[in-house]
Amino acid sequence: MIPNTFDYARAGSVSEAVSLLQQHGDDAKLLAGGHSLIPAMKLRLSAPALLIDVTGIDALKEISASDGRLHLGALVTHRQVEHSDVVRAKCRVLSQAAALIGDPQVRNRGTIGGSLAHADPSADYPALVLALNAQIEATGPNGSRTIAGEDFFTGLFETALEEGEVITKVSFPVLGEGEAAAYQKFANAASRYALVGVAAWVKMSGGTAEAVRLGVTGAAPSAFRATSAEQALQGGPLDEDTIADAVRDLADPNELMSDLGGSASYRAHLCEVMAKRALLKAAKHAG
Ligand SMILES: Cc1cc2nc3c(=O)[nH]c(=O)nc-3n(C[C@H](O)[C@H](O)[C@H](O)COP(=O)(O)OP(=O)(O)OC[C@H]3O[C@@H](n4cnc5c(N)ncnc54)[C@H](O)[C@@H]3O)c2cc1C
């Protein structure tokens with residue numbers, strides 16, 4: 001398929017991108033890795049009159065760690081997340097999850113900012129954003145703000161971003177003493193998108209789970225926290241039986257997606273299996 005015709009502009013800075021978005025409103029779209037936007041344009045599901053290419057903005061490509069957080073610029077690619085020594089040292093689960101995204105071509109081009117802004121219900125990062133308590137920084141016509149990960153995904157392909165806002169950075173707390181995280185996904189065999197993916201974060205103290213967070217992607221129109229399972233696990237041991245009890249009926253099939261990849265009841269089953277695997281792996285590493 002061939003997209004509609006469009007104009008192209010290259011933004012040299014975040015403020016230039018924001019000002020172009022402001023001038024062109026709904027007619028304009030940012031272009032990052034292009035691995036969600038361009039396929040959507042080819043299918044004519046999206047037909048922006050102007051593409052604002054942000055890939056030349058070096059300030060959005062940085063990876064750093066400071067003040068107990070790992071900071072990833074919006075243009076950091078999945079491949080960079082996979083291979084960065086800083087990411088591996090500070091929050092290894094992100095590298096492990098990035099390695100599971102699509103194929104090498106997708107990982108070479110796709111960016112973390114583009115993935116979060118697109119909010120595909122089957123994308124991997126949303127589960128990690130929720131389980132790891134990430135923060136998303138955005139700059140728009142009214143300045144910059146920080147959006148809590150748990151407030152970011154608002155629906156199918158919908159986020160808390162306001163008109164004219166550009167994601168500049170995503171930050172994750174560095175894993176501390178007694179904390180560990182794991183991500184397990186059951187991938188669509190063709191695209192590698194998550195049919196269901198579950199990220200588990202645990203904080204253990206003396207063999208007891210002090211806190212647990214579970215982020216689920218792929219199952220519902222939007223990524224969600226499995227709060228009832230989290231509460232059931234808090235204060236207890238993270239052994240196989242306790243986890244199996246806690247994740248039973250983790251998701252209500254009536255609220256899950258059904259498509260060619262799998263029915264809602266199959267996805268509900270996968271939620272339990274992936275949550276159990278992720279929790280056992282995280283618990284093992286938390287010691
Ligand atoms: C074959 C294939 C397999 C894939 N498999 C997976 C998978 O297994 N798991 C997975 O998670 N993803 C998968 N993806 C999606 C891939 O990760 C995309 O690259 C990603 O979702 C979008 O990132 P991008 O940088 O390509 O964004 P783009 O396609 O450039 O943009 C996507 C949207 O985000 C907006 N946007 C981009 N950057 C910003 C920003 N900084 N601020 C605000 N808005 C912005 C754009 O305007 C657009 O609306 C797959 C894609 C393909 C084509």
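Per-chain numbering applies: the sequence of each chain, read as written, is numbered from 1 onward. Residue-level local features of this predicted model are given only where pLDDT is at least 70; pairs of side-chain atoms are given and counted only at 80 or more, and the full residue set underlies all totals for whole chains, interfaces and linings.

### Here we look at the nonpolar core
This is how it is decided: Think of a nonpolar core as buried Ala, Val, Leu, Ile, Met, Phe, Trp, Tyr and Cys residues, each tied to the set through C-beta atoms within 7 Å. Burial is judged by counting the other C-beta atoms within 10 Å of a residue's own C-beta: 20 or more makes it buried, 12 or fewer makes it exposed, and any count in between marks it as partly exposed, with every C-beta position built from the backbone. Where helices and strands are cited, they refer to DSSP runs of H or I of at least four residues and of E of at least two residues respectively, numbered from the N terminus. Here, residues touch in the contact sense if the C-beta positions derived from the backbone fall within 7 Å of one another.
With 95 residues, the main nonpolar core has Ala200, Val202 and Ala275 as its most contacted residues. Among the elements that line this core, the one with the most residues is helix H11 (residues 264-286), at ten residues. Beyond its immediate chain neighbours, meaning those up to four positions away, Ala275 contacts Val198, Ala200, Leu214, Ala226, Ala229, Val247 and Leu250.

### A few points about the sheet that holds strand E10 (residues 166-173)
The line we're drawing: Any two strands are treated as partners once DSSP identifies two or more bridges connecting them. To obtain an axis, a line is fitted to C-alpha atoms, over the contacting stretch when the element is a helix, and the angle between two such axes runs from 0 to 180 degrees between their N-to-C directions.
On the basis of which strands lie adjacent, the open sheet formed by five strands has the order E4-E5-E10-E6-E7 and antiparallel pairing. Of all strands in the sheet, those with a lone pairing partner are strand E4 (63-66) and strand E7 (143-148), marking the two edges. Between one strand and the next, the sheet's axes are offset by a mean angle of 25°, whatever the strand orientation. In terms of strand pairing, E4 meets strand E5 (residues 69-73) through four bridges, oriented antiparallel. Looking across to E5, one finds that Ile63 is bridged to Leu72. Most of the contacts of helix H1 (residues 14-24) go to E10, to which it runs at about 125°, and overall it touches strand E6 (135-140) and E10.

### Describing the site of the ligand
For the record, the criterion: Here, nearness means that the C-beta atom of a residue, built from backbone geometry, sits within 6 Å of the molecule or strand in question. Basically, the charged four are Asp, Glu, Lys and Arg, the nonpolar ten are Ala, Val, Leu, Ile, Met, Phe, Trp, Tyr, Cys and Pro, and anything else, Gly included, counts as polar.
For the ligand, the set of nearby residues contains 31 residues, the closest of which are Gly33, Gly102, Gly110, Gly114 and Ala117. At the level of secondary structure, the elements contributing two or more residues to the shell around the ligand comprise strand E2 (28-31), helix H2 (37-42), helix H5 (104-109), helix H6 (112-118) and E10. Counting residues per element, the shell around the ligand draws most heavily on H6, which supplies five residues. Across the shell around the ligand, the residue classes tally to 14 nonpolar, twelve polar and five charged.

### Comments concerning the domain arrangement of the protein chain
The criterion, for reference: The domain boundaries here were taken from an automatic or database domain assignment.
Split by domain assignment, the protein chain resolves into domain 1 (7-53), domain 2 (58-173) and domain 3 (179-286). Taken together, the contact pairs eleven residues of domain 1 with 17 residues of domain 2. With five residues, H1 is the largest single contributor of residues to the side of domain 1 that touches domain 2. By residue class, the composition of the side of domain 1 that touches domain 2 is six nonpolar, five polar and no charged.

### Some thoughts on the pairing of strand E11 (residues 179-187)
Burial runs high along E11: seven of the nine residues are buried. Sheet topology note: the E11/strand E12 (residues 194-205) ladder contains nine bridges and is antiparallel. Within E12, the position partnered with Gln184 by the bridge is Val198. Here E11 folds back onto E12 in antiparallel fashion, the turn holding six residues, of which Arg192 has a positive phi close to 75°.

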